[in-house]
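Now for the letters of each chain:
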Amino acid sequence: MEASTTAQEAAAEAAAAATQNGTGDQGDAVFNLELSQDQKDIREWVHGFAEGVVRPAAHEWDEREETPWPIIQEAAKIGLYGFEGLAQFWMDPTGLTMPIVNEELFWGDAGIGMSIMGTTLAVAAIYSSGTPDQLAEWVPQCFGTPEDPNVGSFCSSEPDAGSDVSAIRTTARYDEAADEWVLNGQKAWATNGGIAAVHVVIASVDRELGSRGHAGFVVPPGTKGLEQGAKVKKHGLRASHTADVHLDDCRIPGSCLLGGKEKLDERLARAREGTSSRGQAAMKTFEVSRPTVGSQAVGIARAAYEYALDYSKERSQFGRPIVENQAIAFALADMKVEIDAARLLVWRAAWMGRTGKDFDNAEGSMSKLKAGEVAVWATERAIQVLGGNGYTREFPVERMHRDAKIYTIFEGTSEIQRLVISRAISGARIK
Ligand SMILES: Cc1cc2nc3c(=O)[nH]c(=O)nc-3n(C[C@H](O)[C@H](O)[C@H](O)COP(=O)(O)OP(=O)(O)OC[C@H]3O[C@@H](n4cnc5c(N)ncnc54)[C@H](O)[C@@H]3O)c2cc1C
């Protein structure tokens, strides 16, 4: 295998080889709403952790606004946090295990959930652009060990480059004599930024090429020139650390360029000739990752719905449980319908991504858009069902509502999802 082969290509090669050998074809996995025993077992296992460990700690870590290291460690000890667990979830040929795991974990609590799953953003970037050697070297370091867990951080956004990724100003200059890359710039809102062992930084190697001139770099643990900037105080997801990251003449070995120099040079040459197909590839990568984010939002929405349903049976006004009023019962019925609809979109897109189907209608974006908006809406409805109690920090739906809001903003805002979907269905250059 060529050194410049990406890990994703290696996985595709392995899948192709397996098909030829008659040992399996991911593309044939049938979409089936009857979950396998494996999927049910994993769901039950994650649910147990979410219910027994995550949920009871949610309020405390939300108030502390700190990374819940003891809980990350618990997750690592049982194999929920770590490369092997992630690989096991990802290997499911139907693609449904990743959303199932995320929904259960975020049902427990989204802030703690993001502290556990935030590392996967960095891992996904290494996986999608790195070589097998880079994958083997850096992914275990993102997680650390159960005794001494680490986190990873994916740093793309900048103060002036959020939705518009092409506006990234962070530069990467190659120092040929030293075989080192020199990174300079400022990253914004990075989950685990500054506290991570491994940072994956997206930087521009050629500003004139816009996003086609971008490349991903691994900044190894303890590298000089990478500093955490301001830690962001947030509306929700407060147990998850978010911060600016400053890169000041940050020197990293040449081998830290994801995918390798040869591959980058080829890609830049194609981009300069105007024949690059990178835009399509990047689009497909996003479509594949979006259902996982959507499933987190479904988990929050379901948690709020279940809490509100139970509450409505307990709380009495005018001599009867409030659930006996149509106004309340219909709200709960609508919540259930919307949450199940969102989950179905998430599962469809996850299955499509895993089995290599084309996202002709941007089905990945559809799933993330729907799930994010349902989470915001359903958690707000849950507050209404709880009345005054719903508005207080004594009851969890207030926190769930704050946590849900980020799902219409990060990983592509709702407006950007609508842009992607409308372009896909119309073929028009909608602005
Ligand atoms: C808690 C949190 C965690 C995050 N984690 C990470 C991380 O780990 N790594 C990382 O790189 N980034 C991260 N981000 C950044 C996040 O991805 C960005 O905030 C997001 O992409 C939106 O960018 P922006 O905030 O600059 O909004 P802007 O792009 O300024 O958008 C502002 C508004 O304008 C709208 N808008 C913009 N362009 C258009 C358009 N063309 N058409 C219609 N409407 C438009 C948007 O939809 C939005 O409503 C995180 C952010 C938060 C808050």
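Counting restarts for each chain: residues are numbered from 1 in the order of the written sequence. Only residues with pLDDT of at least 70 get local features here, since the model is predicted, and only at 80 or more are side-chain atom pairs given and counted; chain-wide, interface and lining totals rely on the full set of residues. To obtain the side-chain values, all non-hydrogen atoms of the structure were included, while hydrogens and water were left out.

(A) Geometry of the overall build of the protein. Each helix and strand counted, the protein has 14 helices and nine strands in total. The C-alpha radius of gyration computed for the protein amounts to 22 Å, which stays within 12% of the reference 22 Å derived for 431 residues, consistent with globular compactness. By its C-alpha atoms, the protein is 80 × 50 × 45 Å across when sized along the principal axes. For the exposure calls, accessible area comes from a 1.4 Å probe over protein chains only, and a residue counts as buried if that area is under 20% of its type's maximum, exposed if over 50%, partly exposed in between. Relative to its full complement of 431 residues, the protein shows a buried share of 49%. We call two residues in contact whenever any of their non-hydrogen atoms come within 4.5 Å of each other. The contacts of the protein with a sequence gap of at least 6 include a subset with a gap of at least 24, amounting to 74%. Secondary structure counts use DSSP, requiring at least four H or I residues in a row for a helix and at least two E residues in a row for a strand, with both numbered from the N terminus. Here the globule rule is a power law, 2.2 Å times the number of residues to the power 0.38, and the radius of gyration is based on C-alpha atoms.

(B) Focus on the pattern of salt bridges. By definition here, a salt bridge exists when the distance from a side-chain nitrogen of Lys or Arg to a carboxyl oxygen of Asp or Glu is within 4 Å. By the definition in use, this model includes 27 salt bridges. The salt bridge involving glutamate 34 is made with lysine 40; its shortest N-O contact spans 3.6 Å. The structure contains a network of salt bridges with shared partners spanning Asp62, Glu63, Glu65, Lys233, Arg238, Arg393, Glu398 and Arg402.

(C) Helix α11 (residues 326-354), seen in detail. The end-to-end C-alpha distance of α11 is 41 Å, a good match for the 42 Å that 29 residues give at a rise of 1.5 Å each. Just downstream of α11 lies glycine 356, where phi reads positive at about 75 degrees. Each helix should span, by expectation, one fewer than its residue count multiplied by 1.5 Å.

(D) Structural context of the environment of tryptophan 45. Inspection of the secondary structure puts tryptophan 45 in helix α2 (residues 37-64). For tryptophan 45, a relative accessible area of 32% translates into the label partly exposed. The spacing of tryptophan 45 and glycine 388 is 343 residues in sequence and 34 Å in space, taken between C-alpha atoms. Ignoring sequence-local partners within four residues, the contact set of tryptophan 45 consists of Ile78, Gly79, Leu80 and Phe89.

(E) Unusual backbone geometry, seen in detail. For alanine 362, which is not glycine, the phi torsion reads 55 degrees and is therefore positive. Tracing the sequence through the fold places alanine 362 in the loop between α11 and α12 (363-386). On the basis of relative accessibility, which here comes to 0%, the residue alanine 362 falls in the buried class. Of note in the backbone geometry, glutamate 411 takes a positive phi value of approximately 55 degrees without being a glycine. Turning to its location among the elements, glutamate 411 is positioned in the loop between α13 (397-404) and α14 (414-426).

(F) Focus on the environment of histidine 241. Mapping histidine 241 onto the fold places it in the loop between β6 (226-231) and β7 (242-253). On a C-alpha basis, the gap between histidine 241 and alanine 197 in space is 14 Å, while along the polypeptide they are 44 residues apart. Leaving out residues up to four positions away in the same chain, histidine 241 has contacts with Thr67, Ala190, Thr191, Asn192, Gly193, Ile195, Gln228, Lys231 and Lys234. In this structure the side chain of histidine 241 is engaged in a polar contact, spanning 3.4 Å, whose partner is the side chain of glutamine 228. In protein, a polar contact requires one atom able to donate a hydrogen and another able to accept it; more generally it is a pair of N or O atoms within 3.5 Å, and residues adjacent in sequence count only if both atoms are side-chain atoms.

(G) Geometry of the pairing of strand β4 (residues 198-204). With seven of seven residues buried, β4 lies mostly within the body of the structure. Residues of β4 alternate between two faces, with Val198, Val200, Ile202 and Ser204 on one and His199, Val201 and Ala203 on the opposite face, all of them buried. The pairing of strand β1 (residues 152-155) with β4 spans four bridges and is classified as parallel. Paired with serine 153 across the strands is histidine 199, a residue of β4. Between any two strands, pairing holds if DSSP finds at least two bridges.

(H) Looking closely at the site of the ligand. Note on terminology: near, applied to a residue and a molecule or strand, indicates that one of the residue's heavy atoms is within 4 Å of it. In the vicinity of the ligand there are 19 residues, among which Phe154, Ser157, Ser163, Thr413 and Glu415 approach most closely. At 2.7 Å from a nitrogen atom of the ligand is found a side-chain nitrogen or oxygen belonging to serine 157. Threonine 413 has a polar side-chain atom sitting 2.6 Å from an oxygen atom of the ligand. Contributing elements (two or more residues each) for the shell around the ligand: β3 (180-191) and α14. For the shell around the ligand, a count of residues per class yields nine nonpolar, seven polar and three charged. Asp, Glu, Lys and Arg are counted as charged, while Ala, Val, Leu, Ile, Met, Phe, Trp, Tyr, Cys and Pro are counted as nonpolar; the rest, among them Gly, fall into the polar class.

(I) Region of interest: the nonpolar core. In terms of nonpolar packing, the biggest core is built from 102 residues, with Leu105, Ile116, Ile126, Leu183 and Phe217 touching the most fellow members. Residue contacts for phenylalanine 217: discarding those within four places in its chain leaves Ala172, Trp181, Leu183, His199, Val200, Val201, Ala203, Val205, Ile252, Cys256, Leu257 and Leu258. Take the buried Ala, Val, Leu, Ile, Met, Phe, Trp, Tyr and Cys residues and link them wherever side-chain atoms come within 4.5 Å; each set so joined is a nonpolar core.

(J) Structural view of a nonpolar patch on the surface. Here the term patch refers to residues with relative accessible area over 30% and no salt bridge, with like charges joined within 9 Å and nonpolar side chains (Val, Leu, Ile, Met, Phe, Trp, Tyr) within 5 Å. Per-residue and other accessible areas follow the Shrake-Rupley method at a 1.4 Å probe size, with only the shown protein chains counted as cover for residues. Judged by side-chain polarity, Phe31, Leu33 and Leu344 come together as a nonpolar surface patch covering roughly 260 Å² of accessible area. Looking at where leucine 344 falls in the secondary structure, it is placed in helix α11. Classification of leucine 344 as partly exposed rests on a relative accessible area of 43%.

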